[in-house]
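One-letter residues, chain by chain:
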Amino acid sequence: MSMYGRDPWGGPLEIHAADSATDDDRSRNLQDLDRAALSSRPLDETQQSWLLGPGEQKKKKYVDLGCIIVSRKIFVWTVGTLLFSAFIAGFVTLIVKTVPRHHHSKAAPDNYTLALNKALMFFNAQRSGKLPKHNNVSWRGNSCLRDGKSDPSTMFKDLSGGYFDAGDAIKFNFPGSFAMTMLSWSVIEYSAKYEAAGELNHVKEIIKWGTDYFLRSFNSSADSIDRIAAQVGAGDTSGGSTAPNDHYCWMRPEDIDYPRTVTECHSCSDLAAEMAAALASASIVFKDNKVYSQKLVHGAKTLFKFSRDQRGRYSAGGSDAAIFYNSSMYWDEFIWGGAWLYYATGNNSYLTLATTPGIAKHAGAFWGGPDYGILSWDNKLVGAQVLLSRLRLFLSPGYPYEEMLRTFHNQTSIVMCSYLPIFTSFNRTKGGLIQLNHGRPQPLQYVVNAAFLATLYSDYLEAADTPGWYCGPNFYSTDVLREFAKTQIDYILGKNPRKMSYVVGFGDHYPKHVHHRGASIPKNKIKYNCKGGWKYRDSKKPNPNTIVGAMVAGPDKHDGFHDVRTNYNYTEPTLAGNAGLVAALVALSGEKNTRIDKNTIFSAVPPMFPTPPPPPAPWKP
C-alpha cells in the first residue's frame, strides 16, 4: 500500500508502508529527494539554510551586526586595521614610557611675579625681635629683645617683635598698621595669585608677625582700654641733641644697647582705628584659624571702641611721631576701620557708622582739594570708598545705606578718572610717572597705592560684569585702568629714563646705596657703637648687604635720582611703601583670567534683606 503526500515545494512524495529500511536509510532517501527538488527550482538564501546540510552551508558575503549589515570583506578589514592600530599604539606607548624624558618647566613667571617674590623679602629684613630660623636674610639677627622692659615708665613690658619702619630701628605703629592692612586686603582679594606665585604662606606669616606685635601693644584681652603703645624708639635730633637714639646713632639693630623709649597715647582715634582695621582685615585672612581669628576680632573691637570714646590725634602735642608721621585727622580712619570691622563681624552698627554722612563730610568725601584721591598711611578715605563700593557692587544692601554707598561709588569713579593721562588732576614726569604728591619727595609710596586701587577696581567692575565706567560723558574700559597701573609699576621696575629699577635686587641696575643701617654695615663680628657706624653712613662705597625687595623713596619730578645713602628722600625704603608695592604687584601678576575672590571678604556678613524705606508721612490738607 502506498500513500501519496504533497511535497511543500510542489513535488509528489511517496511513502511505502512496507519499506523495511532503517530510519537512517529513510533519512538519506528524504535528503536525496530534497536535493532533487532543489536542482529543479532556485531557492532563496533562507530556504537553503533550512535544507542544506551542515557540511554544505553556503558562506555568507555579509555580516549582521544587529543595527547594521556590512560586507564581510569590509568587516574583516576594519577589525584587522583596529587590531593593528592597537598593537602599534601599545608599542609606541611602551617605548615612550621606557625612554627617559626631559620634563619641560612651566612658563617663566612674569616680571610682576618675580618682583613680588623679592618685595616680600623686604619684610623679612625689617623684622625686630627673635627671628625665626627660616628668615632667609643672612645679615640679620635677633634685635631689640628688651623693647618695653628697657623703659620703666610704660606698663607694656613685652614689645619685642614687629617691624622696623624704614632705614632706622623705630617701630611706628601708625604706618606699620596701615602696611599690615594693605597686605591683608591684597591677600583677601588675590589669595589665588599669591598661591600661584608660591607666596601665600609667606605673606600670611608676614602679616601675623605684625598682628602678634599689635596685640601686645594694648590690653587685647580687655573689652575696654585707656591707652595704646604708639611707638617704640625715638628719632628726634632737633636742637643739636646728642643723646643716643634711633636716628642719631648709625648702628645695626642687633647691636643697639641704649634704652629705647615707649610712647603711649591716651586719646589717639586715628592710630586706634587704623590698628583696628589691621586686626579686623587680618581676622579674615586667618578665618580658617578660628581661635586666632576671634582673638583678632576681639582686639579690633576693643581698639575701635577706644578710638570712638577717646577722641584725638595720636601725633598731637608735639610728639616725636609728629616729626615723621604726623596725622592730619581721624575721620577717614573711622570710615576705614568701620568698614573693615563690618566685614570681619557682619555687625550692621559698623556699617551704619562707616556710612554716616557727617563722618564722611569731616573726612572730606564731598570736597576735592589737591590731595583728594591719594591713598597713603595718613589718608585712607579713597581706600575706604573703594572698599565700600565693593559692597554696593556685589551685595547692594539698599536702604538705609544705599545713598552713602552710591556717593562713595561715584567718588571712586571720579578718583579713577583722575588717574588717567587724559585728565589734568595730576602732572606726570617726562618719563610718565604720575605726580600724586605734586612734585614733593618720596613719590613712589603713593604711586603703588594708586596702581593697586586702579587694578582692584577694574577687577571689581569685571567681576560685576561691568565693562567700564563713565568719566563725564565719556565711557572708559576697565582695560584703561589696568594699563595705567602697568605703566606706573613698569616705570618703578626699570622702564624709565634712567633705566633703573627702584626695587633693590630686581633687574641689573638698581640703587646700591640704600639709606638703611643694617644693610650698610658689614657683618664682620665687630660691634660698632652709636657713632662708630657713621663711617659706613658717609661712605661712598655700595652697601655690603643687599636689602632685597626694598622699594626706595624714588626719583624727583624731573625723573632724576641720586643714589646717595645720606639722602633719604631718594634712597630710603619704608614699610608702608613696600606694602603698597606688594599689593600692586600681586594684583597685576599671573594669568589675566585669575581675578578677585568675590566671596571671602563677605564670610561674616549675613544674607542681605534690605530694610524697606519708611512710609511717607500722612497727607495733611
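About the thresholds
Residues numbered from 1 in each chain as written. Predicted model: local features only at pLDDT ≥ 70, side-chain atom pairs only at ≥ 80, totals over all residues. Heavy atoms only, no water. UniProt positions renumbered as here; feature names shortened; annotations may be inferred. Helix = DSSP H or I, 4+ residues; strand = E, 2+ residues; numbered from the N terminus. Buried < 20%, exposed > 50% of the residue type's maximum accessible area, 1.4 Å probe, protein only. Contact = heavy atoms within 4.5 Å. Areas by Shrake-Rupley, 256 points an atom, 1.4 Å probe, with all protein chains shown as cover. Pairing = 2+ DSSP bridges. Expected span 1.5 Å × (residues − 1). Polar contact = N/O pair within 3.5 Å; in protein donor to acceptor, adjacent residues only side chain to side chain. 1 Å grid on protein atoms, 1.4 Å probe; cavity = no way out; pocket = protein on both sides within 12 Å on 5 of 7 lines; lining within 4 Å. Points joined across faces, edges and corners; volume = space filled by probe spheres on them. Nonpolar A, V, L, I, M, F, W, Y, C, P; charged D, E, K, R; others polar. Disulfide = S-S within 2.5 Å. Salt bridge = Lys/Arg side-chain N within 4 Å of Asp/Glu carboxyl O. Patch = residues over 30% accessible without salt bridge, like charges linked within 9 Å, V, L, I, M, F, W, Y side chains within 5 Å. Core = buried A, V, L, I, M, F, W, Y, C linked by side-chain atoms within 4.5 Å. Phe/Tyr/Trp six-rings, centres within 6.5 Å; stacked < 30°, edge-to-face > 60°. Lys NZ or Arg CZ within 6 Å of the ring centre and 35° of its normal.

Going by what an unreviewed UniProt entry lists, the chain is known as Endoglucanase and is assigned to Tripterygium wilfordii. In its Catalytic activity (unreviewed entry) section, the UniProt entry covering the chain states "Endohydrolysis of (1->4)-beta-D-glucosidic linkages in cellulose, lichenin and cereal beta-D-glucans." Recorded in UniProt under Sequence similarities (unreviewed entry), the annotation for the chain is "Belongs to the glycosyl hydrolase 9 (cellulase E) family."

A. How the structure looks around the overall build of the chain. Helix and strand counts for the chain stand at 20 helices and nine strands. The burial tally for the chain puts 51% of its 621 residues in the buried class. Sequence separation of 24 or more characterises 72% of the internal contacts of the chain that already satisfy a separation of 6 or more. When the accessible surface of the chain is summed, it comes to about 30,200 Å², and 56% of that surface belongs to carbon and sulfur atoms.

B. Region of the structure containing the pairing of strand E9 (residues 474-477). The sheet contact formed by strand E8 (residues 468-471) and E9 spans four bridges and is antiparallel. In the strand pairing of E9, Gly468 is matched with Ser477. Connecting E8 to the next strand, E9, in antiparallel fashion are two residues, including Gly472 with a positive phi near 65°.

C. Here's a closer look at helix H4 (residues 111-125). Taking 1.5 Å of rise per residue, 15 residues should cover 21 Å, and H4 covers 22 Å from first to last C-alpha, within 8% of that figure. A large share of H4 lies buried, amounting to eleven of its 15 residues. On its buried side, H4 packs onto helix H5 (173-196), helix H6 (200-216), helix H16 (478-492) and helix H20 (575-588). The opening residue of H4 is Asp110, an N-cap whose side-chain oxygen sits 3.0 Å from the backbone nitrogen of Tyr112.

D. Focus on the layout of surface pockets. Counted as a void, the largest pocket has a volume near 960 Å³. Around the largest pocket, the lining is made up of 39 residues, and of these Ile323, Phe324, Tyr325, Gln442 and Tyr568 lie nearest the centre. Among the elements of the structure, helix H9 (320-324), helix H15 (444-463), helix H19 (568-571) and H20 are those that each provide at least two residues to the lining of the largest pocket. Taken together, the residues of the lining of the largest pocket sort by class into 17 nonpolar, 14 polar and eight charged.

E. Seen up close, the side chain of Ser376. Assignment of secondary structure puts Ser376 in the loop between helix H12 (357-363) and helix H13 (381-394). Apart from residues lying up to four places away in sequence, Ser376 is in contact with Phe178, Tyr446 and Asn449.

F. Summary view of the state of the cysteines. Per the stated rule, a full pass over the model turns up three disulfides. In this model Cys265 forms its disulfide with Cys268; the gap between the sulfur atoms is 2.0 Å. The sign of the S-S torsion, about 65°, decides the handedness of the disulfide formed by Cys265 and Cys268: right-handed. Note on Cys265: relative accessible area 7%, which makes it buried. Each disulfide in the chain links cysteines that, numbered along the sequence, combine into the pattern 1-6, 2-3, 4-5.

G. Representation of the pattern of salt bridges within the structure. Applying the stated criterion across every chain, the model contains 23 salt bridges. A salt bridge links Asp226 to Arg227; its shortest N-O distance comes to 3.3 Å. Accessibility expressed as a relative area gives 45% for Asp226, which makes it partly exposed. Accessibility expressed as a relative area gives 24% for Arg227, which makes it partly exposed. Arg252 is paired through a salt bridge with Asp255; the nearest N and O atoms lie 2.6 Å apart. The exposure class assigned to Arg252 is buried, which follows from its relative accessible area of 9%. Owing to a relative accessible area of 11%, Asp255 belongs among the buried residues under this scheme. Here the salt bridges share partners, and the residues they tie into one network are Asp147, Lys171, Asp246 and Arg260.

H. The arrangement of a nonpolar patch on the surface in detail. Taken together, the side chains of Phe84, Phe87 and Ile88 define a hydrophobic patch exposed on the protein surface, amounting to about 330 Å² of accessible area. Structurally, Phe84 is set in helix H3 (residues 72-98). When its relative accessible area of 53% is taken as the criterion, Phe84 is described as exposed.

I. Structural context of the sheet that holds strand E7 (residues 262-265). The strand order E5-E6-E7 describes an open sheet built from three strands, whose pairing is antiparallel. On the outer flanks of this sheet lie strand E5 (171-172) and E7, each paired with one strand and no other. As paired strands, strand E6 (residues 228-232) and E7 are joined by four bridges and run antiparallel to one another. If you follow Val232 over to E7, its bridge partner there is Val262.

J. Summary view of the nonpolar core. Ranked by size, the top nonpolar core spans 167 residues in total, and within it Trp185, Ile228, Ile335, Trp340, Tyr343, Phe452 and Ile489 carry the most contacts. By residue number, the principal contributor to this core is H15, which donates 13 residues. Apart from residues no more than four positions distant in its own chain, Ile335 is found in contact with Ala354, Ile359, Ala360, Ala363, Leu381, Ala384, Leu388 and Phe408. Membership of the second largest hydrophobic core comes to nine residues, among which are Phe164, Tyr248, Met251 and Ile256.

K. Structural view of the environment of Asn379. Take Asn379: it is sitting in the loop between H12 and H13. A C-alpha to C-alpha distance of 7.8 Å links Asn379 and Glu333, two positions 46 residues apart in sequence. Those residues in contact with Asn379, other than ones at most four positions away along the chain, are Asp332 and Ile374.

L. Representation of H15. With 20 residues, H15 extends 29 Å between its outermost C-alpha atoms, agreeing within 8% with the 28 Å of an ideal straight helix rising 1.5 Å per residue. For H15, the buried fraction is high: 18 of the 20 residues fall into the buried class. Positive backbone phi, approximately 55°, marks Asp465, located one or two places after H15.

M. Broad picture of the environment of Arg216. Note that Arg216 resides in helix H6. By relative accessible area, which is 29% here, Arg216 ends up partly exposed. On a C-alpha basis, the gap between Arg216 and Ser160 in space is 8.8 Å, while along the polypeptide they are 56 residues apart. Residue contacts for Arg216: discarding those within four places in its chain leaves Phe156, Asp158, Leu159, Ser160 and Gly161.

N. Highlighting unusual backbone geometry. Going from Tyr399 to Pro400, the amide bond is cis rather than trans, its omega being 5°. Within the fold, Pro400 resides in the loop between H13 and helix H14 (402-419). The phi dihedral of Cys144 falls on the positive side, at around 50°, and the residue is not glycine. Position of Cys144 among the secondary structure elements: in the loop between H4 and E5.

O. Quick look at the packing of aromatic side chains. Under the definition given, this model contains 31 aromatic pairs. Between the aromatic rings of Phe394 and Tyr460, the centroid separation amounts to 6.0 Å while the plane-to-plane angle is 85°, which identifies the pairing as edge-to-face. Of the two residues, Phe394 sits in helix H13 while Tyr460 sits in helix H15, which places them 66 residues apart along the sequence. Overall, Phe394 belongs to the buried group, its relative accessible area being 18%. Ring pairs connect the aromatic residues Trp185, Trp336, Trp340, Tyr342, Tyr343, Phe452 and Phe602, which therefore count as one cluster. Above the face of the Tyr292 ring, Lys208 is positioned so that its terminal group lies 4.6 Å from the ring centre. The ring centre of Trp534 lies 4.8 Å from the NZ or CZ of Arg537, which sits over that ring.

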